[in-house]
Amino acid sequence: MKSYRILVLVFLLLITCKKYEVVHPIKKGLITQNAMVVSAREEASKIGSDILNKGGNAFDAMAATHLALAVAYPYAGNIGGGGFMVYRKDNGEIGSLDFREKAPLAATKDMYLDEEGNIIPEKSTLGAMAVGVPGSVAGIFAVHEKFGSLPIEDIIQPSINLAKQGVIVTKKQEEKIKKYQPLFPKANKDSIIFDKHWKENDTIKYPSLAETLKRIMINGKDEFYTGLTATQLVEFIQDNGGIITEEDLAKYSVKWRTPITFQYDELNIISMSPPSSGGVCLAQIMKMIEPYDLDKFGQNSLKTIQVITEAERRAYADRSFYLGDPDFVTVPQKDLIDNRYLKERMSTFSFENATPSSEVSHGNIQVIESDETTHYSIVDQFGNAVSVTTTINGAYGSKLYCSELGFFLNNEMDDFSSKPGVPNMYGVTGAEANSIAPEKRMLSSMTPTIVEKNGELFMVVGTPGGSTIITSVLQTILNVHEYNMTMQEAVDAPRFHHQWLPDRIVFEPHKFDEKLIKQLHELNYTTVEIENIITSKVDGILILDDKTLEGGADYRGDDTAVGF
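The text that follows walks through the structure, step by step, so that each part is easy to find. The structure displayed is predicted, hence computed values, not measured ones.

Further remarks concern the packing of aromatic side chains. In this structure the tally under the stated criterion is 29 aromatic pairs. Ring centres of F184 and F408 lie 5.7 Å apart, and the angle between their planes is 35°; on these two criteria the pair is classed as tilted. Comparing F184 with F408 shows no difference in burial state: the two are buried. Residues F349 and F351 carry aromatic rings whose centres are separated by 4.9 Å and whose planes lie at 70° to one another, so their mutual orientation is edge-to-face. Residue classification places F349 among the buried positions, given a relative accessible area of 10%. F351 gets classed as partly exposed once you look at its relative accessible area, which sits at 23%. Of the aromatic side chains, those joined through ring pairs into one cluster are Y73, Y75, Y180, F184, F194, Y206, Y396, Y401 and F408. The lysine or arginine in question, K146, covers the ring of W256, its NZ or CZ lying 4.1 Å from the ring centre. If you follow K176 out to its NZ or CZ, it ends over the ring of Y75, 4.2 Å from the centre.

Set out below in C-alpha cells:
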C-alpha cells in the first residue's frame, strides 16, 4: 500500500509540473502565399513586392529593390557601391553575378602607406582616396538584360518617385545619422544634406538623386559609366583628391561567376564564390562541423559554441592567406573545401581546451586571398529566387557625398590588404592574395546564399555585417536545420562570432548566460560582449511544407518583409 501511495504521489507531481510548464510560443514572420521581398527598409520591400505583383519576376524585383534601397537606406543601399547576387531559377538553374567594385587604374600596392611603410590613418576609409569604381548600376542592368521581363521604366520609376516624395526617418536611422555626423565634414568640403539634425518622423527628400535616376532610366547603364553622370562623378571625386578617372568608369564590367555549392546533411548550399570569401568560408565551416551532433549538443550550448568557434578559427585563417580576386590570383577553391583537407584542419580540435589562434596558420596547400552592408532576399510567384548583398563598405561608405548627384561613395578600397598582416577596419587580417592592384576586385565577406532541400528551394538568406556576415548566415541556417526554428526565430536568435584574429569569441551583449561564458574561460577561450560588434541584420525567406513563404526580417534594424 505504501508503494502504491508513493506512485500516486509521483503521478500527481508529474501532472502538476506539466500543468505549470513554461511553453514558449512559436514566433513566425510574415507568411505569404505567392511571393516575398525582405530588405532593410519597408519602402524598398514594398517597391520590390509591387513589381512582383505587376507580373514582374525576382530579377525585376532585384533591380527595383536595389534602387529603392539607394534612396531609402543611404547608410548602405547604393548606386555608389557594388555587391553580389546568387540566383536560382524555377527550373533549378543556378548562377551568380559579381558586381563588386574595382581598384582604379592609378591604384598601387602601397598607396595607403607612408614613406616608412606604415598605414596612413583614415586614407583607405575616409574621403575620395578610399573609393573603388562602383558596380551597382552595371549589376542592375546586367540582371535586367539577362533575366528581366518588365520595361526598365517600370522598375526605376518607383525609386524616382520615392526620392522626390521623400523617406520618413526612423528612430534607428536618426541614431545612425547622429553617430556618423562628426565624420561627414572630414570627407566633404561643403555641407551635405546629412549634416542637418534629422529626427524621427522627419522626411528627407532626395531631388538630386531623383534626377540622376531619371537620367539613368532614359539613357541606361551608359549614363553612369560614360554619360553626363560619369563626367560629373569623376570631376567631383578628383576635386576631392581621388584618383578615379572617366576611363575607370568606362572600363568597368560585371562578371557572371559559378557559385560555390556543397552538401550539409540533406541540404544543398549555393553561395558566392571569390572574390567573395563568403561561399568558401561557409563551406569550410559547415563541412568541419557536420560530423558533430549539434542538434544533440543544443543551440548555443557550450559544445556547439566550441565546435563552431574552432571551425571558424580555421576557416578565417585560410581566408586571410588564400582568398582574393580569382582574375588576379590562383584561389585553391576545390582544395579548401575538400573533405580530407578539412578533416585534417579539425584534427587538432579538442573539447578539453581552446586551440590558440597563434597555433592555427593557413593550411598546407600548394598554390600553382564590409561591416555596414545591406542584404535583400526575394522569392517570386514563379519559383525564382535571388539573394543579394550590396555595400558601400563602411556606414555611409567613405562619408563622401556628391550633392549634385545625390549619393554617397563607397570606401571599398579598405577591403584590400593595404599592408599584408595588418588588420583592416573590421579587424580582418589579409595577405598578398588580396593586395591592391589596378582593376582588381577587393576580397569580401558577403555571403548571399540559397539553400535547397531534397532538390527543392528551401531557404534564401543573407546579411550585412562585415566579417560577421559569414558566421551569421551560418548560424541562421543551422537554427532552422538543426534546431527546427521558424525563419523569424532563426533570425532573432542571439549570435556569436570568431574570425581567427583577434583571438576572441564575440557575443551579442546580454544574450548569453554568464555560466556559459565562465565555462568557456575555464577552457581558455577569450570572450567579449561589445555593443555594435556583431552588426549583421539577417533577411531570410523560408519555404514551408505547404509551399507558403515565411519571411524573417531582423529586429536589429528596420528590416521588413512584404509580399502577397
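Residues L516, I517 and L520 constitute the buried set of helix α19 (residues 514-522). Buried residues in α19, looked at end-on, bunch into an arc of 100°, giving them a common side. Exposed and facing more than 90 degrees away from the buried side of α19 are E514, K515, K518 and E522. Where the residues of α19 are buried, they touch α14 (302-322), β17 (505-507) and β18 (527-529). With a side-chain oxygen lying 2.7 Å from the backbone nitrogen of K515, the N-terminal cap of α19 falls on D513. Of the residues flanking the end of α19, it is N524, one or two places downstream, whose phi is positive at about 75°.

Attention shifts here to the pairing of strand β20 (residues 549-553). By the criterion of burial, β20 is predominantly enclosed, with five of the five residues buried. In β20, alternate side chains face the same way, and those of L549, G551 and A553 on one face and E550 and G552 on the other are all buried. Pairing of strand β19 (residues 539-543) with β20 involves five bridges; the strand directions are antiparallel. Counterpart to D539 in the pairing with β20 is A553.

Let's shift gears to the sheet that holds strand β16 (residues 496-497). Strands sit in the order β16-β17-β18 across an open sheet of three strands; the sheet is mixed. Taken across any chain shown, the strands that pair with only one partner, and hence form the sheet edges, are β16 and β18. Pairing of β17 with β18, which is carried by three bridges, proceeds in the parallel orientation. Each bridged residue has a counterpart across the sheet, and for I505 the counterpart in β18 is T527.

The next thing to look at is the environment of G383. Structurally, G383 can be placed in the loop between β10 (373-379) and β11 (385-391). Considered as a pair, G383 and E489 are 106 residues apart in the sequence and their alpha carbons are 24 Å apart. When neighbours within four sequence positions are excluded, G383 is seen to be in contact with R88, K89, D90 and L457.

Enumeration according to the criterion identifies 30 salt bridges in this entry. Ionic pairing is found between R556 and D554, a salt bridge with its closest N-O pair at 2.8 Å. One connected set of salt bridges, linked through shared partners, spans D98, K255, R257, D325, D327 and R441.

Rules and cut-offs
- Along each chain, numbering runs from 1 in the same order as the chain's sequence is written.
- Whole-chain, interface and lining totals are the exception, using all residues; otherwise, since this is a predicted model, local features are given only for residues with pLDDT of at least 70 and side-chain atom pairs are given and counted only at 80 or more.
- With hydrogens and water stripped out, all remaining heavy atoms of the structure feed into the side-chain values.
- Only centres within 6.5 Å qualify two rings of Phe, Tyr or Trp (six-membered ring in Trp) as a pair; their planes then separate them into stacked at under 30 degrees, edge-to-face at over 60, and tilted for everything else.
- Remark: exposure states derive from per-residue accessible area (1.4 Å probe, protein chains only) relative to the maximum for the residue type, with buried under 20%, exposed over 50%, and partly exposed in between.
- Only Lys NZ and Arg CZ are tested; either one counts as a charge over a ring when it is within 6 Å of the ring centre and within 35 degrees of the ring normal.
- Counting from the N terminus, the helices are the DSSP runs of H or I reaching at least four residues and the strands are the DSSP runs of E reaching at least two.
- Arc definition: it is the arc formed by the directions from the helix axis to the C-beta atoms.
- Only heavy atoms enter the contact rule, under which two residues are in contact if any of them lie within 4.5 Å.
- Two N or O atoms form a polar contact when they lie within 3.5 Å of each other; inside protein one atom must be a possible hydrogen donor and the other a possible acceptor, and for residues adjacent in sequence the pair counts only when both atoms belong to side chains.
- Two strands qualify as a pair provided DSSP detects at least 2 bridges between them.
- Should a side-chain nitrogen of Lys or Arg be within 4 Å of a carboxyl oxygen of Asp or Glu, the pair is scored as a salt bridge.

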